[in-house]
Amino acid sequence: MLEIGDKMPDFEVVDQNGNTVSSKDFIGKKTIIYFYPKDNTSGCTAQACNLRDNYQALQKAGYNVVGVSKDSAASHVKFIEKNSLPFTLLADTTTQMQQVFGVWAEKKLYGRTYMGTLRQTFIFNEEGILVDIIEKVNTKDHAAQILK
């Protein structure tokens, strides 16, 4: 599990356009990496749209916003188009990135246990050092949690 003060873990995945993105791409920028379970579900859509609606304020504060889920790049393209999302979504189809961030975990729903993505947000400074973790995400007001 990552802790405040840790360096951004190494990762390499593709974005919605199929471009390779690695942890090295975020050095030099304050970066918000938010993990969410699935494109086009109610909570995930509310969270993405809240970040979209507050994107200018996040940019003004110097943040680069990146969403990550297990969905494919093609699914991300549809999700971005449907909701006019102005930020990058990463397709972690193997869950490798989620595992190094510690958000691929056992979950329970209706008595059933399964592996899934924990909804968490990690905020890194320009040097790639973790400065904040939001473990209890308010999907309808997430930008306010980040900008507090």
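Residues numbered from 1 in each chain as written. Predicted model: local features only at pLDDT ≥ 70, side-chain atom pairs only at ≥ 80, totals over all residues. Heavy atoms only, no water.

Trainee: An account of the nonpolar core is requested, with residue identities and associated values reported.
Mentor: Of all hydrophobic cores here, the largest spans 20 residues; its most connected members are Tyr34, Leu51, Leu58, Val65, Phe87, Leu89 and Ile146. Among the elements that take part in this core, helix 1 (residues 42-53) stands out by supplying 3 residues, more than any other. Once residues lying within four places of it in the same chain are set aside, the contact partners of Leu89 are Val14, Asp15, Gln16, Tyr34, Tyr36, Gly67, His76, Phe79 and Ile80. Within the second largest apolar cluster, 18 residues are counted, among which are Phe11, Phe26, Leu90 and Phe122. (Core = buried A, V, L, I, M, F, W, Y, C linked by side-chain atoms within 4.5 Å. Buried < 20%, exposed > 50% of the residue type's maximum accessible area, 1.4 Å probe, protein only. Helix = DSSP H or I, 4+ residues; strand = E, 2+ residues; numbered from the N terminus. Contact = heavy atoms within 4.5 Å.)

Trainee: I'd like a rundown of the state of the cysteines, residues and numbers included.
Mentor: Covalently bonding the sulfur atom of one cysteine to the sulfur atom of another cysteine gives a disulfide. Scanning all chains against the criterion turns up 0 disulfides. Its sulfur unpaired, Cys44 is 11 Å from the next cysteine sulfur, which belongs to Cys49. Residue Cys49 is classed as buried on the basis of its relative accessible area of 13%. (Disulfide = S-S within 2.5 Å.)

Trainee: Describe in detail the pairing of strand 7 (residues 112-117), supporting the description with residues and values.
Mentor: In regular strands, side chains alternate between the two faces of the sheet. In this sheet, strand 7 lies alongside strand 6 (residues 104-109) in antiparallel orientation, the contact comprising 6 bridges. Counterpart to Ala105 in the pairing with strand 7 is Gly116. The antiparallel pairing of strand 6 with strand 7 creates a hairpin that spans 2 residues between the two strands, and Tyr110 there sits at a positive phi of about 50 degrees. (Pairing = 2+ DSSP bridges.)

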